[in-house]
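Chain by chain, the residues:
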Amino acid sequence: MADETLVRARPEGPDPPTSPSGRTPSFDAGTVEEWTVIAWRADRRAKYEGFETTAGNALSWPDQYLPTAHPMRSEARNFLLMWAWCEAGNDTWRGYCRKRGWSRTTADRWRKWAAEQIAAGINEAIRRATRAARGA
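Residues numbered from 1 in each chain as written. Predicted model: local features only at pLDDT ≥ 70, side-chain atom pairs only at ≥ 80, totals over all residues. Heavy atoms only, no water.

S.K.: Help me out: how do you make sense of the pattern of salt bridges in this one?
M.R.: Pairs may arise between side chains of opposite charge once their charged atoms sit close together. Tallied over the entire structure, the rule returns six salt bridges. Among the salt bridges present, the one from Arg111 reaches Glu33, with a minimum N-O distance of 2.4 Å. Of this pair, Arg111 sits in helix H5 (residues 104-134) while Glu33 sits in helix H1 (residues 29-42); the two residues are 78 residues apart in sequence, bridging distant segments of the chain. On the basis of relative accessibility, which here comes to 6%, the residue Arg111 falls in the buried class. Arg104 is the partner of Asp108 in a salt bridge, and the nearest nitrogen-oxygen pair spans 3.8 Å. Here Asp108 and its partner Arg104 are both found in helix H5, four residues apart, which amounts to about one turn of the helix. (Salt bridge = Lys/Arg side-chain N within 4 Å of Asp/Glu carboxyl O. Helix = DSSP H or I, 4+ residues; strand = E, 2+ residues; numbered from the N terminus. Buried < 20%, exposed > 50% of the residue type's maximum accessible area, 1.4 Å probe, protein only.)

This is how it looks when you write it as structure tokens:
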């Protein structure tokens, strides 16, 4: 019988995507957005800035896939994270944008851009890891 202390609880939500072969996940912007919402729902009390929690780690690791030199990197990241925070049941996106003085249309455009960049980065990392595993 397996030691139950080694079994980790998994947040509720869909399984990560897999290809028909079951080997190579294929992420898209919608998947990135969905998993960002799931991370916020895992711990609604998690603070966005500087609070070390499982949710905080789940929210910060995708940053590595955003272009570091892009002038809108930080803002796009914030739009994605705050949209997901709202979707997790903390506020309405329209109301939150209004409170922050953001144009919702602009915030949505940059949120989607960030999700697309993260998805493309994850997919590329998977392709590199697959090639390395095959010795190519």
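Now that the structure has been shown, the text picks up again.
S.K.: Honestly, the packing of helix H4 (residues 93-100) against H5 in this entry has me stumped. Any pointers?
M.R.: Helix packing geometry: the angle between the two helix axes and the distance between the axes. In contact at an axis separation of 10 Å, H4 and H5 are set at 110° when each is read in the N-to-C sense. Regarding the angle of H4 to H5, the classification is roughly perpendicular. Two packed elements cross with a definite hand, and for H4 against H5 that hand is right-handed. Of the residues in H5, those in contact with Trp93, Arg94 and Cys97 of H4 are Arg104, Ala107 and Asp108. (Axes fitted to C-alpha atoms, helices over the stretch in contact; angles between N-to-C directions. Parallel < 35°, antiparallel > 145°, perpendicular 65-115°, else oblique. Left-handed = near helix turned anticlockwise from the far one by under 90°. Contact = heavy atoms within 4.5 Å.)

S.K.: I would appreciate a short explanation of the confidence of the model for the chain in the present structure.
M.R.: Segments scoring low in pLDDT should not have their predicted coordinates read at a detailed level. Within the chain, residue pLDDT values average 78, and 69% of them lie at 70 or more. Looking across the chain, the model is least confident in helix H2 (residues 54-60), with a mean pLDDT of 66, and most confident in H4, with 96. The model gives residues 1-8 a pLDDT under 50, and that stretch makes zero contacts with residues more than four places away or in other chains. (pLDDT = per-residue confidence, 0-100.)

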